[in-house]
Amino acid sequence: FVTLVDHLYGVHMQAGNACVVAMRQQLSKDHPIRRFLTPFSFQTISVNDNARNNLVNPRSMGPRCFALTDIGMDLAWSAAPTLLQSGVEAAKAQTDPKLYWRALLDRGWYIENWVKPRLGKLTPWWEQALEFWNVQKAFVTAFMESYWSGPEALLQDKEAFKFLVQSVSIVQSTSSDAITHLAELPAELSAEIFWDATINLIARYTNLVTAGHEQVGTVPVYAQDASFCAFAWKKGEMMATKQAALNAAVLMAFTSTPMPPLMRKTEEDDWSFLFPSEWKSADVPSPKARADAAYNQFQADLARLEVKYQAFNDAALAADATFPNNFGIWAHVPSLLECSVSV
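The following paragraphs examine the structure supplied in this document. Each chain has its residues counted from 1, following the order in which its sequence is written. Where local features are concerned, this predicted model is filtered to residues with pLDDT of at least 70; where side-chain atom pairs are given and counted, the filter is 80 or more; whole-chain, interface and lining totals use all residues. Based on all heavy atoms of the structure, the side-chain values leave hydrogens and waters out of the count.

## A look at the overall build of the protein
Then, number 1: Runs of E in the DSSP output that reach at least two residues are strands. Runs of H or I that reach at least four are helices, and both are numbered from the N terminus. Secondary structure summary: the protein contains 16 helices and 0 strands in total.
Then, number 2: To get the radius of gyration, use the C-alpha atoms; to get the globule rule, take the number of residues to the power 0.38 and multiply by 2.2 Å. Whereas a compact globule of 343 residues would reach a radius of gyration of roughly 20 Å, the protein reaches 21 Å, a difference of no more than 12%.
Then, number 3: For the C-alpha atoms alone, the extent of the protein along its principal axes is close to 65 × 50 × 40 Å.
Then, number 4: Burial classes follow relative accessibility: with a 1.4 Å probe on protein chains only, a residue under 20% of its type's maximum area counts as buried, one over 50% as exposed, and anything between as partly exposed. Going through the 343 residues of the protein one by one, you find that 50% of them count as buried.
Then, number 5: For the protein, long-range pairs separated by at least 24 residues make up 75% of all intrachain contacts whose partners lie at least 6 apart in sequence.
Then, number 6: The distance from the centre of the 28 positive side-chain charges to the centre of the 35 negative ones in the protein is 4 Å. What makes two residues a contact is simply this: any of their non-hydrogen atoms within 4.5 Å. Residues counted as positive are Lys and Arg, residues counted as negative are Asp and Glu, and His and the chain ends are not counted. In plain terms, the charge of a residue is placed at NZ if it is Lys, CZ if Arg, CG if Asp and CD if Glu.

In structure tokens:
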């Protein structure tokens, strides 16, 4: 379920494709948003092409590992849009356009106003997810404010407008519920809604391809144990067969290509050089210096989260740790996160 629905369909085929296609088709090469998204979309087109050929197509590497027949795989792919829990289900319940866009794109709003009321209390994983989201959104907001003074200024940028509309249109068309008719999208976007939606879309995409992909896509450490996390096993058996284990090992080797790190560890990891020194619709002085400052603050925030989450895991793994506080969480540890999706 997690590998097929959340990982392959949700992160790669839906969100990954939506933003990369819209970015390539609607944003010129020097547009600040395209420059900002470059590390987060690194090799995504090639990665998703490989995923389609080797993990999605019938009788390819993926289906040969899963315990599903060809018909079962078709049914699984057909059901994938209805099984995703990513904000579409929350947006469907909104009648206020402003809340609709926040429910669809704002991960923080989704956690606070949709997840928390249904759980009663956020678990440590959700607390970290919210904190990590706030750091990413603050980075995106500061970057946007480096080039545009506010909603009215950004609304004049036609490339950014088309990027948002196309991204959301693709997500809607590949979701179980197309909430808003595509022809109505442009007319509904006030300057304020457009500003918030653009920031939340960029932050949501960067969140999905970093922490989101780490959570649902980085599974080799589990799948290497055929008695713990096998793709298939015979009825009555406690572990997978040798052939299933070998198939899983080959799949994990194929899907573990390293990508650029999110957290700056050396000067080579610094990607702030991508930020443009100027832009035709920018109305803020010294945008590059402001964008660099936003990047440095983001890296400082990641370093702070690194210390906090490593301390959390050290406590969870201590000999005297008791249930339910004896489980570590690595999905949001910055030093483990990559900028973009791997195969």
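From this point, things continue past the structure.
## Here's the deal with helix α3 (residues 44-56)
Since there are 3.6 residues in each turn of an α-helix, residues three or four apart along the chain are aligned in direction.
Then, number 1: Here α3 is 13 residues long, yet its end C-alpha atoms lie only 16 Å apart, well below the 18 Å a rise of 1.5 Å per residue gives.
Then, number 2: Among the residues of α3, those classed as buried are T44, V47, N48, A51 and L55.
Then, number 3: Buried residues along α3 sit against α1 (2-26), α4 (61-65), α13 (191-217) and α15 (242-254). Take the number of residues in a helix, subtract one, and multiply by 1.5 Å to get its expected span.

## Structural notes on a nonpolar patch on the surface
Then, number 1: Two joining distances apply to patches: 9 Å for like charges and 5 Å for nonpolar side chains (Val, Leu, Ile, Met, Phe, Trp, Tyr), and every residue must have over 30% relative accessible area and no salt bridge. Reported accessibility uses the Shrake-Rupley method at a 1.4 Å probe radius. Residues are deemed covered only where the shown protein chains occlude them. The salt bridge criterion pairs a side-chain nitrogen of Lys or Arg with a carboxyl oxygen of Asp or Glu, the two atoms within 4 Å. A cluster of nonpolar side chains, contributed by V221, Y222 and F228, occupies part of the molecular surface with about 340 Å² of accessible area.
Then, number 2: Locating V221 in the fold gives a position in helix α14 (residues 220-223).
Then, number 3: Residue classification places V221 among the exposed positions, given a relative accessible area of 53%.

## Description of the environment of K288
Then, number 1: On the secondary structure map, K288 appears in helix α16 (residues 287-316).
Then, number 2: Here K288 falls in the partly exposed class, since its relative accessible area comes to 22%.
Then, number 3: Measuring from C-alpha to C-alpha, the distance between K288 and V56 comes to 41 Å, with 232 residues separating the pair along the chain.
Then, number 4: The term polar contact refers here to a pair of N or O atoms within 3.5 Å; inside protein, the definition further demands a hydrogen-donor-capable atom paired with an acceptor-capable atom, and it admits residues adjacent in sequence only when both atoms are side-chain atoms. Within the local environment of K288, its side chain forms a polar contact with the side chain of D292, the two groups lying 2.8 Å apart.

## Quick word on the environment of A315
Then, number 1: Its location among the elements puts A315 in helix α16.
Then, number 2: Linking A315 and G328, residues 13 residues apart in sequence, is a C-alpha distance of 8.3 Å.

## Considering α13
Then, number 1: Bend at a given residue is defined as the angle between two axes, one fitted to the seven residues that end at that position and one fitted to the seven that begin there. Where α13 bends most, at L208, the angle is about 40°.
Then, number 2: Within α13, 24 of the 27 residues are buried, which leaves the element mostly enclosed by the surrounding structure.

## Side note on the environment of L154
Then, number 1: With respect to the helices and strands, the residue L154 is situated in helix α10 (residues 151-155).
Then, number 2: Sequence separation of L154 and C229 is 75 residues, and the distance between their C-alpha atoms is 47 Å.

## Considerations on the side chain of S167
Then, number 1: Examined against the element boundaries, S167 turns out to sit in helix α11 (residues 158-173).
Then, number 2: Relative accessible area serves as the criterion here: at 0%, S167 is assigned to the buried category.
Then, number 3: Once residues within four sequence positions are removed from consideration, S167 is found in contact with A18, C19, A22 and L201.

## Considerations on the packing of aromatic side chains
Aromatic ring pairs: the centre-centre distance and the angle between the two ring planes describe each pair.
Then, number 1: Aromatic contacts are taken between Phe, Tyr and Trp rings whose centres are within 6.5 Å, Trp giving its six-membered ring; a plane angle under 30 degrees counts as stacked, one over 60 as edge-to-face, and the others as tilted. Counted according to the given criterion, the structure contains 18 aromatic pairs.
Then, number 2: Between F275 and Y295, the ring centres sit 6.2 Å apart and the planes meet at 75°, which makes this aromatic pair edge-to-face. Here F275, found in the loop between α15 and α16, pairs with Y295, found in helix α16; they are 20 residues apart in sequence, far enough to count as distant. You'll find F275 and Y295 in the same group, each marked buried.
Then, number 3: With a centroid separation of 6.2 Å and 80° between ring planes, the pair formed by F323 and F327 is classed as edge-to-face.
Then, number 4: Three or more aromatic residues joined by ring pairs form one cluster here, namely F36, F40, F139, F143, Y147, W148, W271, F275, Y295 and F298.
Then, number 5: The criterion is that NZ of a Lys, or CZ of an Arg, lies within 6 Å of the ring centre and within 35 degrees of the ring normal, and then a charge sits over that ring. One cation-aromatic arrangement involves R118 over W114; the distance from NZ or CZ to the ring centre is 3.5 Å.

## Some words on unusual backbone geometry
Then, number 1: Each neighbour pair has its own omega, and for F323 with P324 the value is 5°, a cis peptide bond.
Then, number 2: Note that P324 resides in the segment after α16.
Then, number 3: For Q43, which is not a glycine, the phi torsion comes out positive at approximately 65°.
Then, number 4: At R59, a position not held by glycine, the phi torsion is positive, near 65°.
Then, number 5: Within the secondary structure, R59 sits in the loop between α3 and α4.

## Some details on the pattern of salt bridges
Then, number 1: Within the structure shown, the criterion is met by 12 salt bridges.
Then, number 2: A salt bridge links D196 to R102; its shortest N-O distance comes to 3.6 Å. A residue pair is termed long-range when its members are at least 10 positions apart, and D196 in helix α13 and R102 in helix α7 (residues 97-105) qualify at 94 residues.
Then, number 3: The exposure class assigned to D196 is partly exposed, which follows from its relative accessible area of 22%.

## A short note on the packing of α11 against α13
A packed helix pair is summarised by two numbers, namely the angle formed by the two axes and the spacing between the axes.
Then, number 1: At a minimum axis separation of 10 Å, α11 and α13 run at an interaxial angle of 65°. Handedness of the α11/α13 crossing: left-handed. Counting all contacts with α11, which are made through A160, F161, F163, L164 and S167, the residues of α13 involved are F194, A197, T198, L201 and I202.
Then, number 2: Asp, Glu, Lys and Arg are counted as charged, while Ala, Val, Leu, Ile, Met, Phe, Trp, Tyr, Cys and Pro are counted as nonpolar; the rest, among them Gly, fall into the polar class. Partitioning the contact of α11 with α13 into residue classes produces 8 nonpolar, 2 polar and no charged. Here an angle of 0 to 180 degrees is reported between the N-to-C directions of two axes, which are lines fitted to C-alpha atoms, with helices fitted over the stretch in contact. We call a crossing left-handed when the near helix sits turned anticlockwise from the far one by less than a right angle, and right-handed when that turn is clockwise.

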